[in-house]
Amino acid sequence: MDEDRYDDDEYEEEDGEPLPPKVEELAQAPVPTAIKGVRACMRCGIIKTFDQFLEHGCENCPFLNMEGEFQRVNQCTTAFFEGQVAVMDPGESWTAKWLRIDQYLPGVYALSITGQFDRDVEEELESRGCRWRCRPVGSAPLMS
């Protein structure tokens, strides 16, 4: 068997044309780099590692200013979530529409999130007219 048969060059665009915008966007989707220690943004539900939130913040919620802010990442993310779904095309996905994440970027999202923002963060989100997905412990589930 030829060892060079699965050379990386085989998968490059043959005619040198750029990738379609949807494919390029998907290639940039933030996905968790580890299985352990993942957290969900309490506003949008995207799942990443703590270090990814610390390094890049939340791509859907840049106004939460998590990038480089250890305490802010702890305030705005939680390890208490249930289920996860990978969304490749949020605008076309019925699951994304059902979860109300169809305006967000492609990525891995929590199905339900348990947690509560600090009052100052809630006030900031309310002043921006933003909704959030996390629910306090013991509250009724969103999906009924």
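Looking at an unreviewed UniProt entry, the protein chain carries the name Spt4/RpoE2 zinc finger domain-containing protein, with the source organism given as Stephanodiscus triporus. You can read under Subcellular location (unreviewed entry) in the UniProt record for the protein chain the words "Nucleus".

All right, on to the environment of Arg133 then. For Arg133, the position within the fold is in the loop between helix H5 (119–128) and strand E6 (134–135). What makes Arg133 buried here is its relative accessible area of 9%. Measuring from C-alpha to C-alpha, the distance between Arg133 and Cys44 comes to 6.1 Å, with 89 residues separating the pair along the chain. At 3.0 Å, the side chain of Arg133 forms a polar contact with the backbone oxygen of Cys44. A polar contact of 3.1 Å, which involves the side chain of Arg133, links it to the backbone oxygen of Leu111.

The next thing to look at is the nonpolar core. Within the largest apolar cluster, 33 residues are counted, with the highest numbers of intra-cluster contacts made by Cys41 and Leu64. At the level of elements, strand E1 (38–41), helix H2 (50–56), helix H3 (70–76), strand E4 (81–87), helix H4 (94–99), strand E5 (107–114) and H5 are the ones that each hand at least two residues to this core. Broken down by element, the residue count for this core peaks at four residues, all from E5. If sequence neighbours within four positions are ignored, Leu64 has contacts with Cys41, Arg43, Arg72, Cys76, Val121 and Leu125.

Strand order in the open sheet formed by three strands is E4-E5-E6, and the pairing between neighbours is mixed. Both edges of this open sheet fall to E4 and E6, since each of them pairs with a single strand only. Summarising the sheet, E5 and E6 pair through two bridges and their orientation is parallel. Bridge pairing in E6 links Ile113 to Cys134.

Each value, and the rule that gives it
- Residues numbered from 1 in each chain as written.
- Predicted model: local features only at pLDDT ≥ 70, side-chain atom pairs only at ≥ 80, totals over all residues.
- Heavy atoms only, no water.
- UniProt positions renumbered as here; feature names shortened; annotations may be inferred.
- Helix = DSSP H or I, 4+ residues; strand = E, 2+ residues; numbered from the N terminus.
- Buried < 20%, exposed > 50% of the residue type's maximum accessible area, 1.4 Å probe, protein only.
- Polar contact = N/O pair within 3.5 Å; in protein donor to acceptor, adjacent residues only side chain to side chain.
- Core = buried A, V, L, I, M, F, W, Y, C linked by side-chain atoms within 4.5 Å.
- Contact = heavy atoms within 4.5 Å.
- Pairing = 2+ DSSP bridges.

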